[in-house]
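Chain residues, written in single-letter form:
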Amino acid sequence: MASPDPTTTLFKKGSAVEISSDDEGFRGAWYSGTVVRPAPSRAKDKRVLVEYETLTADEAGKKRLRETLDWVQLRPRPPPETRRRGFKFSEEVDAYHNDGWWEGVVTEVLEGGRYSVFFRGTREQLEFGGSELRVHREWKDGKWVPPLEGEEKVAPQKVSTVDKLKPSKETVKAKYSKGMLVEVSSDEDGFQGAWFAATIIEQQKEDKFLIEYKSLRNDDDTEFLREESDTMHIRPYPPATSVVECFNLHEEVDALYNDGWWVGVITKVLKGGQRYIVYFRGTNEEMEFNHSDLRLHQDWIDGKWVMVSQFCKEVIEKIVGIAEPQDLGDDVS
(Lines give C-alpha, C1' and ligand atoms only; values in the text may rest on other atoms or scores of the structure.)
Protein backbone atom coordinates (compact mmCIF):
# COMPACT_ATOMS: atom_id res chain seq x y z
CA MET A 1 0.00 0.00 0.00
CA ALA A 2 1.45 3.39 -1.00
CA SER A 3 2.31 5.89 1.72
CA PRO A 4 0.11 9.01 1.90
CA ASP A 5 1.47 11.98 -0.03
CA PRO A 6 2.91 14.39 2.62
CA THR A 7 2.19 17.37 0.38
CA THR A 8 -1.55 16.71 0.67
CA THR A 9 -1.74 15.38 4.25
CA LEU A 10 0.65 17.75 6.04
CA PHE A 11 0.84 20.88 3.90
CA LYS A 12 -2.77 21.85 3.28
CA LYS A 13 -3.88 25.45 2.80
CA GLY A 14 -3.54 27.31 6.10
CA SER A 15 -1.25 24.69 7.69
CA ALA A 16 1.30 26.10 10.16
CA VAL A 17 4.78 25.03 9.02
CA GLU A 18 8.46 25.70 9.49
CA ILE A 19 10.50 26.59 6.41
CA SER A 20 14.16 26.02 5.60
CA SER A 21 16.05 28.03 3.00
CA ASP A 22 19.05 27.39 0.79
CA ASP A 23 19.77 31.11 0.39
CA GLU A 24 23.11 32.45 1.62
CA GLY A 25 22.82 33.70 5.21
CA PHE A 26 19.64 31.76 5.89
CA ARG A 27 20.88 28.19 5.42
CA GLY A 28 20.54 26.09 8.58
CA ALA A 29 17.61 27.97 10.12
CA TRP A 30 13.89 27.20 10.34
CA TYR A 31 11.32 29.99 9.97
CA SER A 32 7.65 30.00 10.96
CA GLY A 33 5.16 30.29 8.12
CA THR A 34 1.81 29.26 6.68
CA VAL A 35 0.85 27.34 3.56
CA VAL A 36 -0.91 29.73 1.15
CA ARG A 37 -1.33 27.35 -1.78
CA PRO A 38 -0.63 23.60 -1.49
CA ALA A 39 0.94 21.57 -4.27
CA PRO A 40 -1.51 20.15 -6.85
CA SER A 41 -2.30 16.60 -5.78
CA ARG A 42 -1.45 15.02 -9.15
CA ALA A 43 1.40 17.26 -10.20
CA LYS A 44 4.94 15.85 -10.38
CA ASP A 45 6.38 19.20 -9.25
CA LYS A 46 5.49 19.22 -5.54
CA ARG A 47 5.98 22.95 -4.93
CA VAL A 48 4.14 24.80 -2.19
CA LEU A 49 3.48 28.54 -1.87
CA VAL A 50 4.23 29.67 1.69
CA GLU A 51 4.12 32.95 3.58
CA TYR A 52 6.70 33.71 6.28
CA GLU A 53 5.57 35.10 9.62
CA THR A 54 8.79 36.92 10.49
CA LEU A 55 10.46 37.71 7.13
CA THR A 56 9.20 40.58 5.00
CA ALA A 57 9.41 41.37 1.29
CA ASP A 58 9.74 45.17 1.62
CA GLU A 59 12.03 47.49 3.56
CA ALA A 60 9.09 48.96 5.46
CA GLY A 61 8.38 45.51 6.89
CA LYS A 62 4.66 45.67 6.08
CA LYS A 63 4.46 42.94 3.44
CA ARG A 64 5.23 39.38 4.47
CA LEU A 65 7.58 37.43 2.23
CA ARG A 66 6.05 34.70 0.07
CA GLU A 67 7.99 31.97 -1.72
CA THR A 68 7.21 28.88 -3.77
CA LEU A 69 9.34 26.04 -2.40
CA ASP A 70 9.75 22.31 -2.81
CA TRP A 71 7.86 20.44 -0.10
CA VAL A 72 11.10 18.88 1.22
CA GLN A 73 12.00 22.36 2.55
CA LEU A 74 8.94 22.26 4.82
CA ARG A 75 8.02 20.45 8.00
CA PRO A 76 5.08 20.75 10.43
CA ARG A 77 5.53 23.39 13.08
CA PRO A 78 6.45 21.64 16.35
CA PRO A 79 3.86 22.27 19.07
CA PRO A 80 5.07 24.28 22.09
CA GLU A 81 6.56 22.43 25.04
CA THR A 82 4.04 21.65 27.76
CA ARG A 83 6.38 22.93 30.47
CA ARG A 84 9.40 25.16 30.79
CA ARG A 85 12.67 23.42 31.43
CA GLY A 86 16.34 24.13 31.87
CA PHE A 87 19.11 23.05 29.55
CA LYS A 88 22.38 21.30 30.26
CA PHE A 89 25.94 21.65 29.03
CA SER A 90 26.41 19.87 25.67
CA GLU A 91 22.66 19.62 25.03
CA GLU A 92 21.54 20.20 21.43
CA VAL A 93 19.04 23.07 21.19
CA ASP A 94 17.40 25.42 18.70
CA ALA A 95 18.03 29.10 19.46
CA TYR A 96 15.74 31.89 18.27
CA HIS A 97 17.99 34.39 16.48
CA ASN A 98 17.39 36.80 13.59
CA ASP A 99 13.73 35.73 13.24
CA GLY A 100 14.49 32.00 12.90
CA TRP A 101 15.43 28.89 14.86
CA TRP A 102 19.10 27.87 14.52
CA GLU A 103 20.60 24.56 15.67
CA GLY A 104 23.31 24.88 18.32
CA VAL A 105 24.96 23.27 21.33
CA VAL A 106 24.88 24.58 24.91
CA THR A 107 28.49 25.30 25.91
CA GLU A 108 27.90 26.98 29.27
CA VAL A 109 25.09 27.33 31.81
CA LEU A 110 25.17 30.92 33.07
CA GLU A 111 23.51 32.64 36.01
CA GLY A 112 19.96 33.93 35.78
CA GLY A 113 18.71 31.20 33.48
CA ARG A 114 20.94 32.18 30.57
CA TYR A 115 23.08 29.99 28.31
CA SER A 116 26.01 30.23 25.91
CA VAL A 117 25.25 28.44 22.64
CA PHE A 118 27.78 27.40 19.97
CA PHE A 119 26.70 27.24 16.31
CA ARG A 120 28.65 24.80 14.15
CA GLY A 121 27.73 26.43 10.86
CA THR A 122 29.23 29.84 11.71
CA ARG A 123 31.56 28.79 14.56
CA GLU A 124 29.97 31.56 16.67
CA GLN A 125 29.07 31.47 20.35
CA LEU A 126 26.16 33.66 21.52
CA GLU A 127 24.23 34.11 24.77
CA PHE A 128 20.49 33.39 25.11
CA GLY A 129 17.77 33.37 27.73
CA GLY A 130 15.96 30.12 28.44
CA SER A 131 12.80 31.38 26.70
CA GLU A 132 14.80 31.78 23.47
CA LEU A 133 15.77 28.09 23.38
CA ARG A 134 13.93 24.88 22.66
CA VAL A 135 14.88 21.20 22.49
CA HIS A 136 16.40 20.40 19.10
CA ARG A 137 14.31 17.86 17.21
CA GLU A 138 14.44 16.37 13.72
CA TRP A 139 11.31 15.63 11.64
CA LYS A 140 12.10 12.10 10.48
CA ASP A 141 9.73 9.62 8.80
CA GLY A 142 6.65 11.53 9.91
CA LYS A 143 7.56 11.92 13.58
CA TRP A 144 9.71 14.04 15.86
CA VAL A 145 13.03 12.68 17.18
CA PRO A 146 13.37 12.89 20.17
CA PRO A 147 9.60 12.57 20.76
CA LEU A 148 7.51 15.51 21.91
CA GLU A 149 6.50 15.69 25.55
CA GLY A 150 3.35 13.69 26.11
CA GLU A 151 4.67 11.05 23.70
CA GLU A 152 7.58 10.32 25.99
CA LYS A 153 8.33 7.67 28.54
CA VAL A 154 10.57 9.33 31.11
CA ALA A 155 13.31 7.15 32.51
CA PRO A 156 14.78 7.59 36.00
CA GLN A 157 17.18 10.53 36.04
CA LYS A 158 20.87 9.95 36.44
CA VAL A 159 23.81 12.33 36.35
CA SER A 160 25.88 12.07 33.19
CA THR A 161 29.63 12.36 33.44
CA VAL A 162 29.37 14.90 30.66
CA ASP A 163 27.38 17.21 32.99
CA LYS A 164 30.50 17.60 35.14
CA LEU A 165 32.53 19.07 32.27
CA LYS A 166 32.84 22.85 32.05
CA PRO A 167 34.19 24.75 29.05
CA SER A 168 36.42 27.76 29.52
CA LYS A 169 34.68 31.11 29.94
CA GLU A 170 36.85 32.76 27.33
CA THR A 171 37.21 31.56 23.77
CA VAL A 172 40.56 29.83 23.39
CA LYS A 173 42.26 30.29 20.04
CA ALA A 174 44.32 27.43 18.72
CA LYS A 175 47.94 28.17 17.86
CA TYR A 176 48.80 27.15 14.32
CA SER A 177 52.35 26.74 13.07
CA LYS A 178 54.09 25.79 9.82
CA GLY A 179 53.73 22.09 9.00
CA MET A 180 50.86 21.56 11.47
CA LEU A 181 48.16 19.07 10.41
CA VAL A 182 44.71 20.68 10.56
CA GLU A 183 41.19 20.37 9.16
CA VAL A 184 39.68 23.09 6.98
CA SER A 185 36.06 23.90 6.12
CA SER A 186 34.66 25.87 3.18
CA ASP A 187 31.65 28.10 2.52
CA GLU A 188 31.55 27.22 -1.18
CA ASP A 189 28.45 25.49 -2.53
CA GLY A 190 28.88 21.71 -2.50
CA PHE A 191 31.49 21.81 0.25
CA GLN A 192 29.57 23.36 3.14
CA GLY A 193 29.47 21.17 6.23
CA ALA A 194 32.59 19.15 5.40
CA TRP A 195 36.09 19.21 6.92
CA PHE A 196 39.17 18.43 4.81
CA ALA A 197 42.62 17.45 6.07
CA ALA A 198 45.34 20.01 5.27
CA THR A 199 48.77 21.24 6.31
CA ILE A 200 49.70 24.78 7.38
CA ILE A 201 52.22 26.14 4.82
CA GLU A 202 52.71 29.63 6.29
CA GLN A 203 50.97 32.38 8.21
CA GLN A 204 50.06 35.34 5.97
CA LYS A 205 48.19 37.61 8.38
CA GLU A 206 47.25 37.49 12.04
CA ASP A 207 44.23 35.27 11.40
CA LYS A 208 44.94 33.95 7.88
CA PHE A 209 47.09 31.06 6.71
CA LEU A 210 48.17 29.46 3.47
CA ILE A 211 47.15 25.80 3.62
CA GLU A 212 47.69 22.77 1.39
CA TYR A 213 45.01 20.10 1.26
CA LYS A 214 45.97 16.45 1.74
CA SER A 215 43.38 15.08 -0.72
CA LEU A 216 42.05 17.94 -2.92
CA ARG A 217 43.99 18.61 -6.16
CA ASN A 218 44.24 21.72 -8.33
CA ASP A 219 42.35 22.07 -11.62
CA ASP A 220 45.25 20.61 -13.61
CA ASP A 221 45.59 17.69 -11.19
CA THR A 222 49.34 18.41 -11.06
CA GLU A 223 49.64 19.06 -7.32
CA PHE A 224 47.64 19.34 -4.14
CA LEU A 225 45.41 22.42 -3.91
CA ARG A 226 46.70 25.41 -1.94
CA GLU A 227 44.55 28.32 -0.79
CA GLU A 228 44.23 30.96 1.92
CA SER A 229 41.97 30.23 4.88
CA ASP A 230 41.17 32.11 8.09
CA THR A 231 40.98 30.85 11.67
CA MET A 232 37.16 30.69 11.49
CA HIS A 233 37.56 27.87 8.95
CA ILE A 234 40.55 26.05 10.49
CA ARG A 235 40.68 23.73 13.47
CA PRO A 236 43.33 21.33 14.84
CA TYR A 237 43.18 17.79 13.48
CA PRO A 238 40.83 15.78 15.75
CA PRO A 239 42.53 13.44 18.20
CA ALA A 240 42.04 9.71 17.77
CA THR A 241 39.13 8.34 19.77
CA SER A 242 38.81 4.93 21.34
CA VAL A 243 38.30 2.08 18.87
CA VAL A 244 34.60 1.57 18.16
CA GLU A 245 33.64 -1.99 17.29
CA CYS A 246 30.13 -1.01 16.25
CA PHE A 247 28.39 2.37 16.01
CA ASN A 248 24.94 2.67 17.58
CA LEU A 249 21.60 3.85 16.26
CA HIS A 250 21.20 7.66 16.51
CA GLU A 251 24.93 8.10 17.15
CA GLU A 252 26.48 11.24 15.65
CA VAL A 253 29.40 10.44 13.35
CA ASP A 254 31.64 11.93 10.66
CA ALA A 255 31.45 10.10 7.34
CA LEU A 256 34.31 10.14 4.80
CA TYR A 257 32.84 11.14 1.44
CA ASN A 258 34.40 12.95 -1.55
CA ASP A 259 37.69 13.38 0.38
CA GLY A 260 36.04 15.19 3.31
CA TRP A 261 34.43 14.39 6.66
CA TRP A 262 30.68 15.19 6.80
CA VAL A 263 28.69 15.16 10.05
CA GLY A 264 25.69 12.81 10.07
CA VAL A 265 23.56 10.56 12.25
CA ILE A 266 23.30 6.75 12.17
CA THR A 267 19.73 5.88 11.17
CA LYS A 268 20.20 2.15 10.53
CA VAL A 269 22.75 -0.50 11.53
CA LEU A 270 22.84 -3.04 8.72
CA LYS A 271 23.27 -6.79 9.05
CA GLY A 272 26.63 -7.70 10.54
CA GLY A 273 27.08 -4.35 12.26
CA GLN A 274 29.84 -3.13 9.93
CA ARG A 275 27.76 -1.14 7.45
CA TYR A 276 25.44 1.75 8.24
CA ILE A 277 22.89 4.13 6.80
CA VAL A 278 23.84 7.73 7.69
CA TYR A 279 21.47 10.71 7.50
CA PHE A 280 22.87 14.17 6.63
CA ARG A 281 20.75 17.06 7.89
CA GLY A 282 22.29 19.65 5.59
CA THR A 283 21.19 17.87 2.41
CA ASN A 284 18.35 15.75 3.84
CA GLU A 285 20.00 12.67 2.29
CA GLU A 286 20.77 9.15 3.49
CA MET A 287 23.80 7.16 2.29
CA GLU A 288 25.39 3.83 3.11
CA PHE A 289 28.93 3.62 4.59
CA ASN A 290 31.37 0.97 5.74
CA HIS A 291 32.54 1.02 9.35
CA SER A 292 36.04 2.06 8.24
CA ASP A 293 34.66 5.26 6.64
CA LEU A 294 33.11 6.55 9.89
CA ARG A 295 34.49 8.17 13.03
CA LEU A 296 32.88 9.49 16.22
CA HIS A 297 31.90 13.13 15.75
CA GLN A 298 33.70 15.74 17.84
CA ASP A 299 33.27 19.54 18.00
CA TRP A 300 36.09 22.04 18.56
CA ILE A 301 34.54 24.39 21.14
CA ASP A 302 36.43 26.98 23.21
CA GLY A 303 39.79 25.38 22.53
CA LYS A 304 38.64 21.88 23.51
CA TRP A 305 37.38 18.82 21.69
CA VAL A 306 33.87 17.96 22.91
CA MET A 307 32.11 14.74 21.97
CA VAL A 308 28.45 15.78 21.99
CA SER A 309 27.08 12.56 20.51
CA GLN A 310 27.56 10.47 23.64
CA PHE A 311 25.62 13.01 25.70
CA CYS A 312 22.83 13.27 23.13
CA LYS A 313 22.49 9.49 23.05
CA GLU A 314 22.04 9.47 26.86
CA VAL A 315 19.35 12.15 26.56
CA ILE A 316 17.46 10.11 23.93
CA GLU A 317 17.68 7.00 26.09
CA LYS A 318 16.33 8.93 29.10
CA ILE A 319 13.39 10.22 27.08
CA VAL A 320 12.50 6.93 25.41
CA GLY A 321 13.08 5.01 28.60
CA ILE A 322 15.10 2.19 27.07
CA ALA A 323 18.58 1.80 25.62
CA GLU A 324 18.54 2.02 21.84
CA PRO A 325 18.79 -1.49 20.36
CA GLN A 326 20.93 -2.07 17.32
CA ASP A 327 18.94 -2.69 14.16
CA LEU A 328 20.33 -5.91 12.71
CA GLY A 329 17.66 -6.26 10.08
CA ASP A 330 18.14 -6.81 6.39
CA ASP A 331 20.06 -4.43 4.18
CA VAL A 332 18.21 -1.57 2.57
CA SER A 333 17.34 -2.51 -0.97
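Everything quoted here is computed from the prediction, not taken from an experiment. All residue numbers here refer to positions counted from 1 along the written sequence of the relevant chain. The predicted origin of the model limits local features to residues at a pLDDT of at least 70 and limits the giving and counting of side-chain atom pairs to 80 or more, whereas totals for whole chains, interfaces and linings rest on all residues. Calculated side-chain values reflect all of the structure's heavy atoms, with hydrogen atoms and water omitted.

Engineer: Give me the lowdown on the overall build of the protein, citing residues and values where you can.
Structural biologist: Counting from the N terminus, the helices are DSSP H or I runs at least four residues long and the strands are E runs at least two residues long. Scanning the protein for helices and strands turns up 2 helices and 24 strands. Here's how the labels work: a residue is buried when its accessible area is under 20% of the maximum for its type, exposed when over 50%, partly exposed in between, all with a 1.4 Å probe on protein chains only. Per-residue burial over the protein gives 42% buried out of 333 residues. Any two residues whose heavy atoms approach within 4.5 Å at even a single point are treated as in contact. Once local pairs closer than 6 in sequence are excluded, the contacts in the protein between residues at least 24 apart make up 50%. Within the structure as shown, the protein displays about 19,000 Å² of accessible surface, and the carbon and sulfur contribution to it stands at 50%. Only the protein chains shown count as cover for residues, with accessible areas throughout obtained via the Shrake-Rupley method and a probe of 1.4 Å.

Engineer: Quick rundown of unusual backbone geometry? Include the residues and the values.
Structural biologist: Residues Val-145 and Pro-146 are joined by a peptide bond in cis, for which omega reads -10°. Assignment of secondary structure puts Pro-146 in the loop between strand 12 (143-145) and strand 13 (181-185). Even without a glycine there, the phi angle at His-250 is positive, about 70°. The residue His-250 is located in the loop between strand 17 (234-236) and strand 18 (252-257) in this model. What makes His-250 partly exposed here is its relative accessible area of 26%. Within the chain, Asn-258 stands out as a residue other than glycine whose phi angle is a positive 50°. Within the secondary structure layout, Asn-258 lies in the loop between strand 18 and strand 19 (260-269).

Engineer: Any details on the packing of aromatic side chains? Residues and values, ideally.
Structural biologist: Given two aromatic rings, one states the distance between the centres and the angle between the planes to describe the pair. Centre distance within 6.5 Å is the pairing criterion for rings of Phe, Tyr and Trp, where only the six-membered ring of Trp is used; planes under 30 degrees apart are then read as stacked, over 60 as edge-to-face, and the remainder as tilted. For the structure on display, the rule yields 11 aromatic pairs. Every member of this aromatic cluster is reached through a ring pair, and the members are Phe-191, Phe-196 and Tyr-213. The lysine or arginine in question, Arg-295, covers the ring of Trp-261, its NZ or CZ lying 4.2 Å from the ring centre. In our convention, an over-ring charge means Lys NZ or Arg CZ found within 6 Å of a ring centre and within 35 degrees of that ring's normal.

Engineer: Break down the pattern of salt bridges for me, citing the residues and quoting the values.
Structural biologist: Definition used for salt bridges: Asp or Glu carboxyl oxygen within 4 Å of a side-chain nitrogen of Lys or Arg. Enumeration according to the criterion identifies 16 salt bridges in this entry. The salt bridge partner of Lys-208 is Glu-228, with a shortest N-O separation of 3.8 Å. Of this pair, Lys-208 sits in strand 15 (residues 208-217) while Glu-228 sits in strand 16 (residues 224-230), and the two are 20 residues apart along the sequence. Looking at Lys-208, the relative accessible area reads 26%, which means it is partly exposed. Salt-bridge contacts for Arg-275 lead to Glu-288; the nearest nitrogen and oxygen are separated by 2.4 Å. Of this pair, Arg-275 sits in strand 20 (residues 275-280) while Glu-288 sits in strand 21 (residues 285-290), and the two are 13 residues apart along the sequence. We classify Arg-275 as partly exposed; its relative accessible area is 27%. Taken together, the salt bridges that share partners define one network made up of Glu-18, Arg-75, Asp-94 and Arg-134.

Engineer: Tell me about the nonpolar core, and name the residues and values.
Structural biologist: Grouped together as the largest cluster of nonpolar side chains are 25 residues, with contacts concentrated most on Ile-211, Ile-234, Phe-247, Ile-266 and Leu-294. Elements with a minimum of two residues in this core: strand 13, strand 14 (194-205), strand 15, strand 18, strand 19, strand 20 and strand 22 (294-296). Excluding residues that lie within four positions of it along the chain, Ile-234 makes contacts with Tyr-176, Val-182, Glu-183, Val-184, Trp-195, Ile-200, Phe-209, Ile-211 and Ser-229. To qualify as a nonpolar core, a set must consist of buried Ala, Val, Leu, Ile, Met, Phe, Trp, Tyr and Cys residues joined through side-chain atoms within 4.5 Å. Counting residues in hydrophobic clusters, the runner-up holds 24 residues, among them Val-17, Val-35, Tyr-52 and Phe-87.

Engineer: Please give an account of the environment of Glu-127 that cites residues and values.
Structural biologist: By the secondary structure assignment, Glu-127 is in strand 9 (residues 124-129). Residue class for Glu-127 comes out partly exposed when judged on its relative accessible area of 46%. Separated by 21 residues in the primary sequence, Glu-127 and Val-106 place their C-alpha atoms 9.6 Å from one another. For Glu-127, the residues in contact, after removing those within four places along its chain, are Leu-110, Arg-114, Tyr-115 and Ser-116. Distance and chemistry together define a polar contact, namely a pair of N or O atoms within 3.5 Å, with one atom able to donate a hydrogen and the other to accept it when in protein, and with adjacent residues in sequence counting only for side-chain atoms on both sides. Side-chain polar atoms of Glu-127 contact the side chain of Arg-114, separated by 2.7 Å.

Engineer: With reference to specific residues and values, describe the pairing of strand 20.
Structural biologist: Counting buried positions along strand 20 yields 5 of 6 residues, so the element is predominantly enclosed. The pairing of strand 19 with strand 20 spans 4 bridges and is antiparallel. When the sheet's bridge partners are listed, Val-265 is paired in strand 20 with Tyr-279. Hairpin connection between strand 19 and strand 20: a loop of 5 residues separates the two successive antiparallel strands, and Gly-272 in this loop has a positive phi of roughly 100°. For two strands to count as paired, DSSP must find a minimum of two bridges between them.

Engineer: I'd like to hear about the environment of Glu-251, residue by residue, with values.
Structural biologist: Examined against the element boundaries, Glu-251 turns out to sit in the loop between strand 17 and strand 18. Glu-251 gets classed as buried once you look at its relative accessible area, which sits at 4%. Taking the C-alpha atoms as reference points, Glu-251 and His-297, 46 residues apart in sequence, are found 8.7 Å from one another. Within polar-contact distance, the side chain of Glu-251 engages the backbone nitrogen of Asn-248 at 2.9 Å.

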